[in-house]
Amino acid sequence: MLDALTVAVSVAALALAAWCGYAAFRDQSTKDWHFIGMAVVTFLVLVQLIVGIVQLTRGEKAEEGATIFVAYLLGALCAVPIAGFMSLAERSRWGSATVAAGAVVLAVLEVRLYDIWTVG
């Protein structure tokens, strides 16, 4: 797994969490700019999914198993978009809080992905 990509996804997810958390603090719902940020984070996670699958097909091995690694990659890919769709249903500050929580979940999933790939 590319460490730089994992760090980039984690930093982007935490920046999105801070941004949407600040919007929730200011009693604002998610705006178009927030959805652009979610798209950027989701794109980074999609790149990570592709890189992870390519590395597995090239013969590299995740320490805790390929199945759990791919499952975590798919979960990471779904975390922010699901939170984004939920924020569309809740057009209050709680929608922004939902996206912030989803981004924090993504950052935690990234730490776990790193552990699955490297720690045996």
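Residues numbered from 1 in each chain as written. Predicted model: local features only at pLDDT ≥ 70, side-chain atom pairs only at ≥ 80, totals over all residues. Heavy atoms only, no water.

J.: Tell me what's going on with the UniProt feature "transmembrane region" (unreviewed entry) in the protein, and back it up with residues and numbers.
T.: Mapped onto this numbering, the UniProt entry annotates "transmembrane region" (unreviewed entry) at residues 33-54, 66-88 and 94-114. As annotated, residues 66-88 comprises 100% helix and 0% strand, and the C-alpha atoms at either end are separated by 34 Å. Helix makes up 100% of residues 94-114 and strand 0%, with an end-to-end C-alpha separation of 30 Å. (UniProt positions renumbered as here; feature names shortened; annotations may be inferred. Helix = DSSP H or I, 4+ residues; strand = E, 2+ residues; numbered from the N terminus.)

J.: Hey, could you go over a nonpolar patch on the surface for me, with residue numbers and the actual values?
T.: A cluster of nonpolar residues, Trp19, Trp33, Ile36 and Val40, forms a patch on the protein surface that exposes about 450 Å² of accessible area. A per-element tally of the nonpolar patch places helix α2 (residues 32-57) first, with 3 residues. Inspection of the secondary structure puts tryptophan 33 in helix α2. Taking the relative accessible area as the measure of exposure, tryptophan 33 reaches 61% and is therefore exposed. (Patch = residues over 30% accessible without salt bridge, like charges linked within 9 Å, V, L, I, M, F, W, Y side chains within 5 Å. Areas by Shrake-Rupley, 256 points an atom, 1.4 Å probe, with all protein chains shown as cover. Salt bridge = Lys/Arg side-chain N within 4 Å of Asp/Glu carboxyl O. Buried < 20%, exposed > 50% of the residue type's maximum accessible area, 1.4 Å probe, protein only.)

J.: Tell me about the pattern of salt bridges, and name the residues and values.
T.: Scanning the model with the defined rule gives 1 salt bridge in all. Between arginine 112 and glutamate 64 there is a salt bridge whose closest N-O contact spans 2.9 Å. Placement of arginine 112 in helix α4 (residues 93-118) and of glutamate 64 in the loop between α2 and α3 (66-89) is noted, with a sequence separation of 48 residues between them. With a relative accessible area of 26%, arginine 112 lands in the partly exposed category. Taking relative accessible area as the criterion, glutamate 64 reaches 37% and is therefore assigned partly exposed.

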